[in-house]
Amino acid sequence: MKMTHKMTAIAVVAGLGTAACTTDAMTGNKRVSTEAAIGTGAGAVLGYLLGDIIGGKNDRTAKIIGAGVGAVAGGAVGAYMDKQEQDLKRATAGTGVDVIRDGDELLLRMPSGITFPTDSYSIQPEFRTTLNEVANTLKTYDSTYIDVMGHTDSTGSDSYNQTLSVNRANAVADYLAMQGVQRARMATVGYGESQPIADNSTEYGRAQNRRVEIKVVPVTQNDVNAAGY
């Protein structure tokens, strides 16, 4: 039997607009559109952003609704994500974290060099302040799905890299949860070395490939309807 829930429609200040492909003057972070890809590995960036969330939306939508999180009203989605993008850029300015935008989805790219020691999934103490700011922003904009994705370079065995990528994704999700981000919104996955964004034959490229990414996707009324609520 279908359950009914009172959904919270989120009103967002109009006039924020939809940014085109630009570089933020304050932070230097780049925003990507499907028409214009930026930098090395941009095709891989668009692949993440245009793909579905981990595990599909229906099960996660049910959990989110059960946790009391509402959907974003249809016409407000773009402005809602615009504002969240700007807040995330401010929260991560100067930290080495990239905030990438495509359509109504956001991707935070965190190189492992600033998040974890080598061959470890213990979050660097100096990075916790940044993650605290990210968590505060994600709590403010709670009508979103959150995917935490771990990646490695090609050094080492496939099985070792797969395990390390999973552990790093889980470590970031666990930390966000400790800061109050609802678990119902989050899913984790490790891709090991399978999704590089740069050339693994160079140290620079390997450093780019060792990363954790947080994908942020709005929960819309269409998602709620598709889940049968």
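That block above? That's the structure.
Just so it is clear, the model here is predicted, and its values are computed rather than measured. (Residues numbered from 1 in each chain as written. Predicted model: local features only at pLDDT ≥ 70, side-chain atom pairs only at ≥ 80, totals over all residues. Heavy atoms only, no water.)

1. Quick notes on the nonpolar core
Point 1. Core analysis: the largest hydrophobic core is formed by 32 residues, its most contacted members being Leu108, Met110, Leu131, Val148, Val172, Leu176 and Ile214.
Point 2. For this core, the secondary-structure elements that each account for two or more residues are α3 (77-92), β2 (105-111), α5 (128-140), β3 (144-151), α6 (158-178) and β5 (211-218).
Point 3. Among the elements that make up this core, the one with the highest residue count is α6 (six residues).
Point 4. The next biggest cluster of nonpolar side chains, apart from the first, holds nine residues, and it includes Ile65, Val69, Tyr145 and Val217. (Core = buried A, V, L, I, M, F, W, Y, C linked by side-chain atoms within 4.5 Å. Buried < 20%, exposed > 50% of the residue type's maximum accessible area, 1.4 Å probe, protein only. Helix = DSSP H or I, 4+ residues; strand = E, 2+ residues; numbered from the N terminus.)

2. A few points about the sheet that holds β5
Point 1. Across the sheet, which stays open at both edges, the five strands sit in the order β1-β2-β5-β3-β4 with mixed pairing between neighbours. Of all strands in the sheet, those bounded by a partner on one side alone are β1 (98-102) and β4 (186-190). Adjacent strand axes in the sheet meet at a mean angle of 20°, parallel and antiparallel pairs treated alike.
Point 2. Pairing of β3 with β4, which is carried by five bridges, proceeds in the parallel orientation. Bridge pairing in β4 links glycine 150 to glycine 190.
Point 3. Against the sheet, α6 touches β2, β3, β4 and β5, its axis set at about 160° to β4. (Pairing = 2+ DSSP bridges. Axes fitted to C-alpha atoms, helices over the stretch in contact; angles between N-to-C directions. Contact = heavy atoms within 4.5 Å.)

3. A look at the packing of aromatic side chains
Aromatic rings in a pair are described by how distant their centres are and how their planes are angled relative to each other.
Point 1. Taken as a whole, this structure holds one aromatic pair when the rule is applied.
Point 2. Summarising the aromatic geometry, the rings of tyrosine 80 and tyrosine 141 are spaced 5.4 Å apart at their centres and angled 75° between planes, so their arrangement reads as edge-to-face. Remark: tyrosine 141 occurs in the loop between α5 and β3 and tyrosine 80 occurs in helix α3; sequence separation between them is 61 residues.
Point 3. Since its relative accessible area comes to 8%, tyrosine 141 is described here as buried. (Phe/Tyr/Trp six-rings, centres within 6.5 Å; stacked < 30°, edge-to-face > 60°.)

4. Some words on the pattern of salt bridges
Point 1. Under the defined criterion, the tally for this structure stands at 15 salt bridges.
Point 2. For glutamate 213, the salt bridge identified is with arginine 211, shortest N-O distance 3.0 Å. Of the two residues, glutamate 213 and arginine 211, both sit in the buried class.
Point 3. Members of the salt-bridge network, linked through shared partners, are Asp82, Glu85, Lys89, Arg101 and Asp104. (Salt bridge = Lys/Arg side-chain N within 4 Å of Asp/Glu carboxyl O.)

5. Points about the environment of valine 148
Point 1. Relative to the assigned elements, valine 148 resides in strand β3.
Point 2. Classification of valine 148 as buried rests on a relative accessible area of 0%.
Point 3. Put simply, valine 148 and arginine 168 are 20 residues apart on the chain and 9.1 Å apart in space, counted from C-alpha to C-alpha.
Point 4. If near-sequence neighbours (up to four positions away) are discounted, valine 148 is found in contact with Ile54, Ala169, Val172, Ala173, Ala187, Thr188, Val189, Val212, Glu213 and Ile214.

6. Focus: the side chain of serine 143
Point 1. You can see serine 143 is positioned in the loop between α5 and β3.
Point 2. Overall, serine 143 belongs to the buried group, its relative accessible area being 1%.
Point 3. At 2.6 Å, the side chain of serine 143 and the backbone oxygen of glycine 70 are in polar contact. (Polar contact = N/O pair within 3.5 Å; in protein donor to acceptor, adjacent residues only side chain to side chain.)

7. Regarding the environment of glutamine 208
Point 1. One can find glutamine 208 in helix α7 (residues 203-209).
Point 2. Glutamine 208 sits in the partly exposed class, given a relative accessible area of 29%.
Point 3. Glutamine 208 sits 96 residues away from serine 112 along the chain, and the two C-alpha atoms are 8.5 Å apart.
Point 4. Ignoring sequence-local partners within four residues, the contact set of glutamine 208 consists of Ile197 and Ala198.

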